[in-house]
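Summary of the model geometry
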Amino acid sequence: MSHTTQDIRNVALAGHPAAGKTTLFEALLLAGGTIQTAGSIERGTTVSDFDPVEKQRGHSVDIAIAGIDHAGAHVNLIDTPGYPDFRGPALSALAAVETVAIVLDAASGVDYGARRMMARARARGLCRVIVVNRIDQDGADAAAVLDGIRDEFGPECLPLNLPADGASRVVDCFGNTSGDSDVGPVADWHRKIIDQVVEVNETVMERYLDIGEDGLSGDELHEAFEQCLREGHLVPVLFCSARTGVGVKELLDVIEKWLPNPAEANPPPFEKGADHRRIEAVPDPKAHVIADVFKITNDPFVGKLGVFRVYQGTVRKDSQLFVDDGKKPFRVGHLFKLQGKDHVEVDRAVPGDIAAVAKIDDLHFDAVLHDSHDEDSIRLSPLDFPRPMFGLAIDAASKGQEQKLAGALHKLAEEDPCFHVEHEAETNETVVRGLSDLHLRVNLDRLKDRHGIDVTSHPPRIAYRETISSKAEGHHRHKKQTGGAGQFGEVQLRIEPLPRGAGFEFVDQVKGGTIPGQFMPAIEKGVQQVLHSGAIAGYPIQDVRVVVLDGKHHSVDSKEVAFVAAGKKAFLDAIGKARPQVLEPIVDLEVNAPEQNMGDISGGLAGKRARINGTDVLRGGEIAVKAQVPLSELEGYAAELKSVTAGRGRYSLDFSHYEPVPDQVQRKLVDAYKPRHEED
């Protein structure tokens, strides 16, 4: 590896499903000479979709990474899934790149996936470009797509190139002052983009006004262009056809010439210490190492593979690295670069590089690797992942595989930040949670393909929560005599509702030592037991402050177990007086469907307690219906939508908030819980 940090470009391809990201990924690898023949999604031969589940389903479910060496630049390219069900891996790629390329379909234009990823990239301070793919297909309309982009994302979206001669080629708008395109004269767009670039830098602007465009040096334009990207003052738009190759080489040239290297982009958001003090990782190859693990893969041949982005220092083969605040370092026995499923061994990774190490059990998603205790307590500012709301209770189909199932589920959860595994003590069930039924089914397919484990599952369990709506006090005296030393603990506490989403607070306000301090953790432990198991319907409790006011102890009989029991029963006593509520998850729903199905969709949602927030008319005779709906009402909605729209409808979900369920729903949930609760 002979490249430096200044040679590196890190780019993630993101956007809506079926926009052609994987095909474009393949075309870029071909144009850059990384592969000799482009693979096919239909034949399952692409570099990025190498997982058996991806080949079977014909779309990406995880990110894939490959490198391109082109014109002196080393491009780390990341292909991300478009389906919202697999947002976890797609969002994790944002921790590894300077630039996100949002890929659009030239016929359908701006869609939900593009809007979502543009917002995420902007919030992360990343540079953004828009790539309009499939310009040669029927129904493609470059002018309409460009208008739609600028309407949706703002006038800072300007074309660096445009299709010409019926999309048989693209013409450069940044470097050319004349010529025609399929969208009109190039000169008009050339003037707009030059004006946009120079106005961000006062020095360059003054020289431009004094001596004109021809007097600006390439370095001056490059510096201003970089500043525009960093500040979001410019979002370049590029056109291409990954299928025919039109515009692909030009896109690769733009990546090499104009996109930022790791030293030019906005600094990554690192924090240090409990106060989250912002620090800056300097892309200096001679400094202490700081790297962030953004992907974990459990490879059946290589073992656990931790993929990381180097931000500072140089990782070398045989380096000694710490994981987070660990005291014992591990040795980098082998250092890899990824080319899809292939692992190419390398000697070093400089700032900006993406590399991997294998067989290090302590590695986990978002782990920080470093080579000095000076970098302890450092972390990358966490990404805001969507909350997994769909659940399935699962069991091993064959007896004796329970332990193997637990280990396999742990490995799957390591790989996907939006796939969670829980054990519910109340029902003694293993519950997996994800972003959708499809998300869960894909992971269950992986259980079988990778680990040979078949499972049985129950219908999705909705992630209800419990809370309180008023203040109340609770009291309990736990006294037990069994011969010899007994048990004694008495607790009086007050509970108060907190704002939605605030979580839980535990406060000690005991005066005069009526409860010795060593028993306070035991009281909190009893409270936590109720928080996890629920009080009225068997769901976790949230948004509650517990204040311990008073109590009593006995010099001989008071023990930790007594105060655990007293804290638990006092908390339950208070909840019963505090007007407890069951909360249900509300999701933001967007349905895309043919315009003629508008009435059926709106009527169907009205019957699901939905609040319809608006309807947008899209290109191609489609509509987008936006609504907020209780998640519990959407069971079976995929099949319902398919039936109503003859298979042409699709939808996506995002968690919005929790709110109280209607009274009749709460009564039903509480009644269903009572038999188990009373047996306990």
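Refer to the structure printed above.
Let me sum up the structure you'll find in this document. (Residues numbered from 1 in each chain as written. Predicted model: local features only at pLDDT ≥ 70, side-chain atom pairs only at ≥ 80, totals over all residues. Heavy atoms only, no water.)

So, about the overall build of the protein. Within the protein, the regular secondary structure consists of 16 helices and 37 strands. C-alpha atoms of the protein, sized along the principal axes, occupy 95 × 65 × 55 Å. Burial status across the protein gives 54% buried among its 680 residues. Sequence separation of at least 24 residues holds for 73% of the intrachain contacts in the protein that already meet a minimum separation of 6. Side-chain charges in the protein split into 77 positive and 104 negative, and the spacing between the mean points of these groups amounts to 7 Å. (Helix = DSSP H or I, 4+ residues; strand = E, 2+ residues; numbered from the N terminus. Buried < 20%, exposed > 50% of the residue type's maximum accessible area, 1.4 Å probe, protein only. Contact = heavy atoms within 4.5 Å. Lys, Arg positive; Asp, Glu negative; His and termini not counted. Charge placed at Lys NZ, Arg CZ, Asp CG, Glu CD.)

Roughly 850 Å³ of internal volume is contained in the largest pocket. Together, 36 residues line the largest pocket, and Tyr83, Asp85, Ala638, Arg650 and Tyr651 are the ones closest to its centre. Of all the secondary structure elements, the ones that give two or more residues to the lining of the largest pocket are α11 (437–451), β34 (580–594), α15 (637–645) and β37 (650–660). If you tally residues by element for the lining of the largest pocket, the top one is α15, at five residues. Counted by class, the lining of the largest pocket contains 19 nonpolar, eight polar and nine charged residues. Of the voids in this model, the second largest pocket is the one considered here, and its volume is about 540 Å³. Taken together, 25 residues make up the lining of the second largest pocket; nearest its centre are Phe50, Asp51, Thr297, Asp299 and Arg450. (1 Å grid on protein atoms, 1.4 Å probe; cavity = no way out; pocket = protein on both sides within 12 Å on 5 of 7 lines; lining within 4 Å. Points joined across faces, edges and corners; volume = space filled by probe spheres on them. Nonpolar A, V, L, I, M, F, W, Y, C, P; charged D, E, K, R; others polar.)

Scanning the entire structure with this criterion turns up nine aromatic pairs. Ring centres of phenylalanine 174 and tryptophan 258 lie 5.0 Å apart, and the angle between their planes is 75 degrees; on these two criteria the pair is classed as edge-to-face. Pair noted here: phenylalanine 174 is in the loop between β8 (169–172) and β9 (180–181) and tryptophan 258 is in the loop between α9 (248–257) and β12 (270–272), with a separation of 84 residues, a long-range link. Seen in terms of ring centroids, phenylalanine 225 and tryptophan 258 are 4.9 Å apart; in terms of plane orientation they differ by 45 degrees. Their pairing is tilted. (Phe/Tyr/Trp six-rings, centres within 6.5 Å; stacked < 30°, edge-to-face > 60°.)

This part takes up unusual backbone geometry. Positive phi values are uncommon outside glycine, yet aspartate 165 reaches one of about 50 degrees. Relative to the assigned elements, aspartate 165 resides in the loop between β7 (161–164) and β8. With relative accessibility at 52%, the residue aspartate 165 sits in the exposed group.

Before going further, it helps to examine a negative patch on the surface. Judged by side-chain charge, Asp141, Asp147, Asp151 and Glu152 come together as a negatively charged surface patch. Counting through the fold element by element, glutamate 152 comes out in helix α5 (residues 142–153). (Patch = residues over 30% accessible without salt bridge, like charges linked within 9 Å, V, L, I, M, F, W, Y side chains within 5 Å. Areas by Shrake-Rupley, 256 points an atom, 1.4 Å probe, with all protein chains shown as cover. Salt bridge = Lys/Arg side-chain N within 4 Å of Asp/Glu carboxyl O.)

What follows deals with the environment of valine 204. Relative to the elements of secondary structure, valine 204 occurs in helix α7 (residues 202–211). Here valine 204 falls in the buried class, since its relative accessible area comes to 3%. Valine 204 sits 19 residues away from glutamate 223 along the chain, and the two C-alpha atoms are 9.1 Å apart. Setting aside residues up to four positions removed in sequence, valine 204 forms contacts with Val198, Leu216, Glu220 and Ala224.

As a further point, take the packing of helix α10 (residues 402–415) against α11. A packed helix pair is summarised by two numbers, namely the angle formed by the two axes and the spacing between the axes. Look at α10 against α11: their axes get within 11 Å of each other, and the N-to-C directions meet at 120 degrees. When the axes of α10 and α11 are compared, the pair comes out oblique. The handedness of the crossing between α10 and α11 comes out as right-handed. Counting all contacts with α10, which are made through Lys404, Leu405, Ala408, Leu409, Lys411, Leu412 and Glu415, the residues of α11 involved are Asn443, Arg446, Leu447, Arg450 and His451. Of the residues in the contact of α10 with α11, the class split is five nonpolar, two polar and five charged. (Axes fitted to C-alpha atoms, helices over the stretch in contact; angles between N-to-C directions. Parallel < 35°, antiparallel > 145°, perpendicular 65-115°, else oblique. Left-handed = near helix turned anticlockwise from the far one by under 90°.)

Before going further, it helps to spend a moment on the sheet that holds strand β13 (residues 277–279). Pairing is antiparallel across the open sheet formed by three strands, whose spatial order is β13-β12-β24. The open sheet has two edge strands, β13 and β24 (378–380), and neither has a second partner. Ignoring which end each strand starts from, the neighbouring axes of this sheet average 40 degrees apart. (Pairing = 2+ DSSP bridges.)

Ranked by size, the top nonpolar core spans 107 residues in total, and within it Leu24, Ile78, Ile130 and Ile149 carry the most contacts. Here the element with the most residues in this core is helix α6 (residues 186–198); it accounts for six residues. In this view, leucine 24 contacts Leu13, Val103, Val131, Cys240, Ala242, Val248 and Leu251; residues no more than four positions away in its chain are not counted. Tyr464, Val548, Val564 and Leu589 belong to the second largest nonpolar core, which has 70 residues in total. (Core = buried A, V, L, I, M, F, W, Y, C linked by side-chain atoms within 4.5 Å.)

Tracing the sequence through the fold places isoleucine 394 in strand β25 (residues 390–396). Residue class for isoleucine 394 comes out buried when judged on its relative accessible area of 1%. Each C-alpha atom, one on isoleucine 394 and one on lysine 192, is 58 Å from the other, the two residues being 202 residues apart in sequence. In contact with isoleucine 394, other than residues within four places in its own chain, are Leu405, Leu409, Thr430, Val432, Leu444, Val455, Thr456 and Ser457.

Right, let's talk about the environment of alanine 123 for a bit. Within the fold, alanine 123 resides in helix α4 (residues 112–123). Classification of alanine 123 as exposed rests on a relative accessible area of 71%. Residues alanine 123 and glutamine 628, spaced 505 residues apart in sequence, show a C-alpha to C-alpha distance of 23 Å.

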